[in-house]
Amino acid sequence: MSNAILHIKDSYYFEVPKALAPSRKEHASQFPNYWIKLDPDFQDWQAEQLLEQSPLNSIDLPVSNAKLIAEYKAWRSEDANFAKPFYRFLSEADSQEWFHEKLEDPAFKRAWDSTVASLKGDAGDALVDNYLVDHDWSEAKIADYNHQLSGKLVIPQPFGELRNHYAMESGIGISKYMILLTVGALIVFYLCRRAGQMLLDGRKSRVTSMIEVFLEFIRDQIAKPTIGEKDAQRFVPFLWTLFLFILVMNLLGMIPFLGAPTASFAVTTSLALLVICVTIGSGIKRFGLVGFLKNQVPGMDLHWLIALFIIPMIWVIEVLGFFIKHAVLSVRLLANMVAGHLVLLALMGIAVSAAGAWTWWVAAPLSIFGAVAISCLELFVAFLQAYVFTFLSGLFIGAAIHHH
């Protein structure tokens, strides 16, 4: 949570200006349970409880309880281990080899797994309640936590439990990007359905004109050049939908406090997997499975003795290249969408770092001007990357359904 990159990754909250969603909690009991579990005082208390009331109490520890907790605090202070509970310290820290050796005992492992399971779900919430009976936080800590939570609209999680704002403790989480993906899909569906209905009724509007422009562009500038006149029409609906969906996802990143779902590797990978499924399915439908596999090797006039060695090697290279090309399709979209956000973050960071210094009157205007310029460039990139992704998808499909 201390890493700046988390500000552009997927999360389980929407961030708005703090004044629009202030947090005004007055007692520790008013904070959500997952937030209490992240508190160092609670984690120290939980560590003491585990040492006294878990299977650890029945074995000889290599060091005293106090020293073990001190080691845990030092480990937890590292950025990579921020806010991790005591049981994860025992299982992840390299210094706790004795614990890994103890887990080789089946009876101890069963008892320990049961103990860890009791720290999650309803049992974990009961442990928080026990902690709150005798503990409360200082006014300074509550004020600091209110400041951190202000402006964060946490998404309700009916199917799971949060570990923090960026990870689930258990169950299936509903993230910000999942909501934006759903909204984007509904926008594309609504626009296309509305345009189709209006055209069937013989009416025209700005919506229908815009949709028709995109449709003709995809058909004439992408589908026909990459797939061919004969087969292009069959793939226009897929390429059209792909283009509109990616474009809407990219443009959502231009709206303050939302973010572009295409800046998530999971999203771009899913889109690439969709393309590869269509590509392989189209090739198999055209040539059959064996024919599709044979079509990966371009036609060559070779002596049979040379072909016996050359063709298998070329086939392996071509198949690897086939999957690598689709993987790069995912990484290219991801990198271009993330890069703009990182540059914006760096430019605004210049203004923040110059606050209080005499150079602020130079750094602040330059940062704002740079941020505006990069935002305009990002708007262009949003359209460009939707086009590039769709164009390359058309190329891959065209290669799969034609003989080399």
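Residues numbered from 1 in each chain as written. Predicted model: local features only at pLDDT ≥ 70, side-chain atom pairs only at ≥ 80, totals over all residues. Heavy atoms only, no water.

Looking at an unreviewed UniProt entry, the chain carries the name ATP synthase subunit a, with the source organism given as Posidoniimonas corsicana. The Function (unreviewed entry) comment attached to the chain in UniProt states, word for word, "Key component of the proton channel; it plays a direct role in the translocation of protons across the membrane." (UniProt positions renumbered as here; feature names shortened; annotations may be inferred.)

**A closer look at the pairing of strand β3 (residues 160–164)**
Note that β3 and strand β4 (residues 167–171) share 4 bridges and pair antiparallel. Bridge pairing links G160 to G171 in β4. Once β3 ends, the chain turns through 2 residues before running back antiparallel as β4. (Pairing = 2+ DSSP bridges. Helix = DSSP H or I, 4+ residues; strand = E, 2+ residues; numbered from the N terminus.)

**Things to note about the nonpolar core**
Core analysis: the biggest nonpolar cluster contains 44 residues, and L239, L242, F243, I246, L271 and F389 have the highest contact counts within it. Elements with a contribution of two residues or more to this core: α9 (176–200), α10 (206–227), α11 (229–252), α12 (265–294), α13 (304–353) and α14 (360–400). Sorting elements by how many residues they give to this core places α11 first, with 15 residues. Setting aside residues up to four positions removed in sequence, F243 forms contacts with F214, I218, F383, A386, Y387 and T390. L68, L90, W98 and M168 belong to the second-largest nonpolar core, a separate cluster that totals 40 residues. (Core = buried A, V, L, I, M, F, W, Y, C linked by side-chain atoms within 4.5 Å. Buried < 20%, exposed > 50% of the residue type's maximum accessible area, 1.4 Å probe, protein only. Contact = heavy atoms within 4.5 Å.)

**Focus: the packing of α9 against α11**
α11 packs onto α9 with a crossing angle of 130 degrees between their chain directions and a minimal axis gap of 9 Å. Considered as vectors, α9 and α11 are oriented oblique to each other. The element α9 and its partner α11 pack so that their crossing is right-handed. Each of L180, L181, G184, A185, I187, V188 and C192 in α9 lies in contact with α11, whose residues at this interface are W240, L244, F245, V248, M249 and L252. Counted by class, the contact of α9 with α11 contains 12 nonpolar, 1 polar and no charged residues. (Axes fitted to C-alpha atoms, helices over the stretch in contact; angles between N-to-C directions. Parallel < 35°, antiparallel > 145°, perpendicular 65-115°, else oblique. Left-handed = near helix turned anticlockwise from the far one by under 90°. Nonpolar A, V, L, I, M, F, W, Y, C, P; charged D, E, K, R; others polar.)

**Considering the environment of F14**
Locating F14 in the fold gives a position in strand β1 (residues 13–15). Overall, F14 belongs to the buried group, its relative accessible area being 16%. As a C-alpha pair, F14 and I155 span 141 residues in sequence and 7.5 Å in three-dimensional space. In contact with F14, other than residues within four places in its own chain, are G151, K152, L153, I155, K176, I179, L180, F257 and L258.

**Side note on the packing of α9 against α10**
Orientation of α9 relative to α10, taken along the N-to-C sense of each, is 105 degrees, at an axis distance of 9 Å. The orientation of α9 with respect to α10, classified from their angle, is roughly perpendicular. Residues L191, A195, M198 and L199 of α9 form the contact with α10, whose participating residues are V207, T208, M210, I211 and E212. Here the residues of the contact of α9 with α10 are counted per class, giving 7 nonpolar, 1 polar and 1 charged.

**Topic: unusual backbone geometry**
One non-glycine residue, A83, lies in positive phi territory at about 65 degrees. Note that A83 resides in the loop between α3 (65–76) and α4 (86–92). Among the residues examined, A83 registers a relative accessible area of 12% and is labelled buried.

**A closer look at the pattern of salt bridges**
Inspection of every chain in the model, using the stated rule, returns 14 salt bridges. In this structure, D39 and K141 form a salt bridge, with 2.9 Å as the shortest nitrogen-oxygen distance. One end of the pair, D39, is in the loop between α1 (33–37) and α2 (40–53); the other, K141, is in helix α8 (residues 139–149), with 102 residues separating them in the sequence. Classification of D39 by relative accessible area gives buried; the value is 0%. Taking the shortest distance from any N to any O, the salt bridge between K141 and D41 comes out at 2.5 Å. Taken together, the residues span a long stretch of sequence, with K141 in helix α8 and D41 in helix α2 at a distance of 100 residues. In this structure D41 comes out as partly exposed when scored by relative accessible area, which is 40%. By sharing partners, the salt bridges in this structure join R219, D220, K224 and E229 into a single network. (Salt bridge = Lys/Arg side-chain N within 4 Å of Asp/Glu carboxyl O.)

**Remarks on the packing of aromatic side chains**
One pass over the full model with this rule turns up 22 aromatic pairs. With a centroid separation of 5.9 Å and an interplanar angle of 80 degrees, the aromatic rings of Y13 and Y166 are classed as edge-to-face. Placement of Y13 in strand β1 and of Y166 in the loop between β3 and β4 is noted, with a sequence separation of 153 residues between them. Residue class for Y13 comes out buried when judged on its relative accessible area of 4%. (Phe/Tyr/Trp six-rings, centres within 6.5 Å; stacked < 30°, edge-to-face > 60°.)

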